[in-house]
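# Inside the fold
Spelled out, the chains give:
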Amino acid sequence: MIKAVLFDFDGTIGDTLPLVVKAIQQATEPFLRRTLSYDEIAETFGPSEEGSILKLVPKHYDEACKLFYQYYIAGHEMCDTPYKGIIELIEMLKKYNVLVGLVTGKSRKTTDISLKKYNMTDIFDIVKTGSLQKSVKDECIKQILQKCSLQSQELIYIGDMPSDIDSARKIDVKIVSVLYATLQNEVAIKAKKPDKICYSVEELTDYLKIQIKK
């Protein structure tokens, strides 16, 4: 029986990844004197957004972070609501007494900004955020398993990146990959063979209903 469902944020709860990329571009441009490409920024993913900035403009870290927060807040109107059906999905899980958590590579500050924007500040039972140095999703999920006295087979992690599959596999938890934000990673995700791929929030909802009723 599934007792816990954990969600990634960017690309899973809301379409916030383009905002992250744009804000990093704007925050680093004054120091690099050029606009970074998506691929250049994506190469730094794993750590939090601040970790990406540290890699990109280490000598201007504090100034760039200040700019990044300004642009992130101001630009949030480009993704001002979560994906349609996500809040209802979380509420459904809670009705079945499933623990619902958030495990994201985002920093605590940007996570709080986005949760507040989405009116989701208090919706998760537990929230784990990213690290400045590296990806810690597998460590965070493991901490939740231990804290909540759960077995690995009692938990599902939901994310949109190939790296999410790697994180889940490290601790042997079921992984659902979602591709309702973009199909950009479809080939890479299929190659890693997650337990399930969902192309819409509706498909994800139907799949989880089956899992929690087993």
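Report on the accompanying structure. (Residues numbered from 1 in each chain as written. Predicted model: local features only at pLDDT ≥ 70, side-chain atom pairs only at ≥ 80, totals over all residues. Heavy atoms only, no water.)

### A few points about the pairing of strand S4 (residues 155–159)
Here S4 lies mainly inside the structure; five of its five residues are buried. As judged from the four bridges shared by strand S1 (residues 4–7) and S4, these two strands associate in the parallel manner. The residue of S4 that forms the bridge with Phe-7 is Ile-158. Bridge count for S4 against strand S5 (residues 174–178) is four bridges, and the pairing is parallel. Residue Ile-156 lies in a different strand from S5, and its bridge partner there is Lys-174. In the classification by handedness, the crossover that spans S4, the intervening helix H8 (residues 162–170) and the parallel S5 is right-handed. (Buried < 20%, exposed > 50% of the residue type's maximum accessible area, 1.4 Å probe, protein only. Helix = DSSP H or I, 4+ residues; strand = E, 2+ residues; numbered from the N terminus. Pairing = 2+ DSSP bridges. Right-handed = clockwise from strand over helix to strand, strands pointing away.)

### Remarks on the nonpolar core
By size, the foremost hydrophobic cluster in this structure holds 50 residues, and its most contacted members are Phe-7, Leu-93, Phe-124 and Leu-204. Of the residues forming this core, the biggest block, seven residues, is contributed by helix H1 (residues 17–32). With 20 residues, the next largest nonpolar core counts Ala-4, Ile-144, Leu-155 and Val-173 among its residues. (Core = buried A, V, L, I, M, F, W, Y, C linked by side-chain atoms within 4.5 Å.)

### Considering the sheet that holds S4
Picture the strands of a sheet paired through backbone hydrogen bonds; they go either parallel or antiparallel. Taken in spatial order, the six strands line up as S3-S2-S1-S4-S5-S6 in an open sheet, and their pairing is parallel. The open sheet is flanked by strand S3 (126–128) and strand S6 (196–198), the only strands paired with a single partner. Direction aside, neighbouring strands of the sheet carry axes that sit 20° apart on average. Contacting S1 and strand S2 (99–103), helix H5 (residues 86–95) runs over the sheet at an angle of about 160° to S1. Together, S1, S2, S3 and S4 form the strand contacts of helix H7 (residues 137–147), whose direction differs from that of S3 by roughly 150°. (Axes fitted to C-alpha atoms, helices over the stretch in contact; angles between N-to-C directions. Contact = heavy atoms within 4.5 Å.)

### Some points on the packing of aromatic side chains
Applying the stated rule across the entire model yields five aromatic pairs. Ring geometry for Phe-68 versus Tyr-72: centroids 5.7 Å apart, planes at 35°, classification tilted. Of this pair, Phe-68 and Tyr-72 both sit in helix H4 (residues 61–74), separated by four residues, roughly a single helical turn. Across the pair, Tyr-72 and Phe-68 agree in class, each one buried. Ring pairing ties together the aromatic residues Phe-68, Tyr-69 and Tyr-72, which thus form one cluster. Here Lys-109 stacks its cationic end above the ring of Tyr-69, 4.1 Å away from the centre of that ring. (Phe/Tyr/Trp six-rings, centres within 6.5 Å; stacked < 30°, edge-to-face > 60°. Lys NZ or Arg CZ within 6 Å of the ring centre and 35° of its normal.)

### Quick word on the layout of surface pockets
Of the volumes computed, that of the largest pocket is approximately 400 Å³. Put simply, the parts of the chain that give the lining of the largest pocket at least two residues each are H1, helix H3 (49–56) and H8. Of the residues forming the lining of the largest pocket, the biggest block, five residues, is contributed by H8. The volume enclosed by the second largest pocket comes to roughly 170 Å³. What lines the second largest pocket is a set of 13 residues, among which Leu-17, Pro-18, Tyr-38, Thr-182 and Gln-184 lie closest to the centre. Within the lining of the second largest pocket, the residues separate by chemical class into six nonpolar, four polar and three charged. (1 Å grid on protein atoms, 1.4 Å probe; cavity = no way out; pocket = protein on both sides within 12 Å on 5 of 7 lines; lining within 4 Å. Points joined across faces, edges and corners; volume = space filled by probe spheres on them. Nonpolar A, V, L, I, M, F, W, Y, C, P; charged D, E, K, R; others polar.)

### Focus on the pattern of salt bridges
The tally for this structure, following the rule as stated, stands at 13 salt bridges. Lys-3 is paired through a salt bridge with Glu-154; the nearest N and O atoms lie 3.3 Å apart. With Lys-3 in the segment before S1 and Glu-154 in the loop between H7 and S4, the pair connects residues that are 151 residues apart, well separated along the chain. A salt bridge links Asp-164 to Lys-137; the shortest N-O distance between them is 2.6 Å. Taken as a pair, Asp-164 in helix H8 and Lys-137 in helix H7 lie far apart in primary sequence, 27 residues in all. Given the relative accessible area of 1%, Asp-164 is considered buried. The exposure class of Lys-137 is buried, given its relative accessible area of 11%. Among the charged side chains, a salt-bridge network with shared partners connects Asp-8, Lys-137 and Asp-164. (Salt bridge = Lys/Arg side-chain N within 4 Å of Asp/Glu carboxyl O.)

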